[in-house]
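Architecture at a glance
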Amino acid sequence: MEQDLGEIKVGFIGAGNMAHGIAQGILVSGKVCPDNVMVSAPSLNNLGKFKDCGVRTTHCNTEVVRVTRVLFLAVKPHIIPSVLQEVSAVITPQHIIVSVAAGVTVATLERLLPTGSMVLRLMPNLPCVVQEGALLFCRGSRAGPGEAGLLRELLSSCGLVEEGPEAFIDIHTGLSGSGVAYVYMLAEAMAEGAVKMGMPSALANRIAAQTVLGAGRLLRDSGQHPAQLRADVCTPGGTTIFGLHALERGGLRAAAMGAVEAATERARELGGK
């Protein structure tokens, strides 16, 4: 059920790309007005782009907490303890704390926050900045369906929003958080292949980008399994099956699976530190 977000006050501690992408998505929906959003950062470096969106800015973290209900922690993981020590005194049971700090577990957040705090952990990815992100969140021990529904509705314009157990967060990091870089590498390699065959680089890169975009939208919107869509492109003895054979010889499938596994394991290592 849609919730009325008109009166919700949203705050961000941290003003990096991910915070900006999430804030843009929230504002694009039109359900939260810019005056109800406040962002804090220690310097002016990143605050300009938030001011351009019409949101309020400050250098004081506690000011953000005092005037907002939904608070996004969008700082580097190693800064989380000091930030929470600074703001804990003004956090109330009514606050909904959403952490996007990679590797910082719900248990750690709940230990650092006042007893009874409502915590959710969110892992977005870079395409949030163009409202095409893939976001996965999990709930802490005190966050219920109401808080989950509110977060889902708040982020609905940022892209795909899913809820899962915390164990899935690191897998999501390996699949989607890091996965955008795998796609960029594939697009780069495809474009370089076209350059090798005689196409100008700029044209090859534009076509590679559109190919990735179109394939992704078709995969998402059709609901079909990737293998079915792949088979639909192949004709007996045609160009595509020859190209796919070259990819199989190069170990693309195993390399992609290995990349997700390696990135997931690294996320788990970082979370254990």
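Above this text sits the structure in question.
What this report covers is the structure whose coordinates are included nearby. (Residues numbered from 1 in each chain as written. Predicted model: local features only at pLDDT ≥ 70, side-chain atom pairs only at ≥ 80, totals over all residues. Heavy atoms only, no water.)

**Re the nonpolar core**
- Core analysis: the largest hydrophobic core is formed by 37 residues, its most contacted members being V10, F12, I26, F72, L122 and L155.
- Ranked by the residues each element gives to this core, the list is headed by helix α1 (residues 17–28), at 5 residues.
- With residues up to four places along the chain from it excluded, the contact list for L155 reads I22, I26, F72, L122, L135 and V161.
- If you look at the next biggest cluster of nonpolar residues, it comprises 19 residues, including I13, V75, V90 and L109. (Core = buried A, V, L, I, M, F, W, Y, C linked by side-chain atoms within 4.5 Å. Buried < 20%, exposed > 50% of the residue type's maximum accessible area, 1.4 Å probe, protein only. Helix = DSSP H or I, 4+ residues; strand = E, 2+ residues; numbered from the N terminus. Contact = heavy atoms within 4.5 Å.)

**A look at the packing of aromatic side chains**
- All told, the structure shown has 1 aromatic pair when counted by the stated rule.
- For the ring pair F12 and F72, a centre distance of 4.9 Å and an interplane angle of 10° mean the geometry is stacked. Taken together, the positions of F12 in strand β1 (residues 10–13) and F72 in strand β4 (residues 70–73) put the pair 60 residues apart, joining distant regions of the chain. Residues F12 and F72 agree in their burial class; the two are buried. (Phe/Tyr/Trp six-rings, centres within 6.5 Å; stacked < 30°, edge-to-face > 60°.)

**Topic: the environment of R69**
- Checked against the element boundaries, R69 lands in the loop between α3 (61–67) and β4.
- When its relative accessible area of 34% is taken as the criterion, R69 is described as partly exposed.
- Spatially, the C-alpha atoms of R69 and H95 are 4.8 Å apart, while their sequence positions differ by 26 residues.
- Residues within four places of R69 in sequence aside, it is in contact with I8, K9, Q94, H95, I96 and L150.

**Considerations on the side chain of S88**
- Tracing the chain through its elements places S88 in the loop between α4 (80–87) and β5 (96–99).
- At a separation of 2.5 Å, a polar atom in the side chain of S88 contacts the main-chain carbonyl oxygen of L84. (Polar contact = N/O pair within 3.5 Å; in protein donor to acceptor, adjacent residues only side chain to side chain.)

**A closer look at the sheet that holds β1**
- Taken in spatial order, the 8 strands make up an open sheet running β3-β2-β1-β4-β5-β6-β7-β8, and their pairing is mixed. Of all strands in the sheet, those with a lone pairing partner are β3 (56–58) and β8 (159–163), marking the two edges. Each strand of the sheet is rotated relative to its neighbour by a mean of 20°, with strand direction disregarded.
- Both strand β2 (residues 37–40) and β3 contribute to a ladder of 3 bridges, which runs parallel. When the sheet's bridge partners are listed, S40 is paired in β3 with T58.
- Contacts from helix α6 (residues 145–154) reach β1, β4, β5, β6 (118–123), β7 (133–139) and β8 within the one sheet, and its direction differs from that of β7 by about 165°.
- Packed onto the sheet, helix α7 (residues 167–177) meets β6 and β7 and runs at close to 170° relative to β7. (Pairing = 2+ DSSP bridges. Axes fitted to C-alpha atoms, helices over the stretch in contact; angles between N-to-C directions.)

**A look at the packing of α7 against helix α8 (residues 179–196)**
- It is at 5 Å that the axes of α7 and α8 come closest, and there the two elements cross at 20°. With respect to their mutual orientation, α7 and α8 come out roughly parallel. Residues T173, G174, L175, S176 and G177 of α7 form the contact with α8, whose own contacting residues are G179, V180 and Y182.
- Counted by class, the contact of α7 with α8 contains 3 nonpolar, 5 polar and no charged residues. (Parallel < 35°, antiparallel > 145°, perpendicular 65-115°, else oblique. Nonpolar A, V, L, I, M, F, W, Y, C, P; charged D, E, K, R; others polar.)

**Some words on the packing of α8 against helix α9 (residues 201–222)**
- Close contact between α8 and α9 brings their axes to 8 Å; oriented N to C, the two are set at 135°. Comparing the axis directions of α8 and α9 gives the class oblique. Seen along the crossing, α8 lies across α9 with a hand that is right-handed. Here V183, A187, M190, A191, A194 and V195 of α8 come into contact with α9, specifically with S201, A204, N205, A208, T211 and V212.
- Partitioning the contact of α8 with α9 into residue classes produces 9 nonpolar, 3 polar and no charged. (Left-handed = near helix turned anticlockwise from the far one by under 90°.)

**Quick notes on the pairing of β4**
- Residues V70 and F72 point to one face of β4 and L71 and L73 to the other, with burial holding for every one of them.
- Pairing analysis gives 4 bridges linking β1 to β4, with the strands arranged parallel. From the neighbouring strand, G11 faces β4, where its bridge partner is L71.
- Two elements, β4 and β5, share 4 bridges in a ladder whose sense is parallel. Paired with L73 across the two strands is S99, which belongs to β5.
- The parallel pair β4 and β5 is bridged by α4, and the resulting crossover is right-handed. (Right-handed = clockwise from strand over helix to strand, strands pointing away.)

**Considerations on α8**
- For α8, with 18 residues, the first-to-last C-alpha span of 26 Å sits near the 26 Å given by 1.5 Å per residue.
- Turning to α8, the residues buried within the fold contact α7 and α9.
- G198 sits one or two positions beyond α8 and adopts a positive phi of about 115°. (Expected span 1.5 Å × (residues − 1).)

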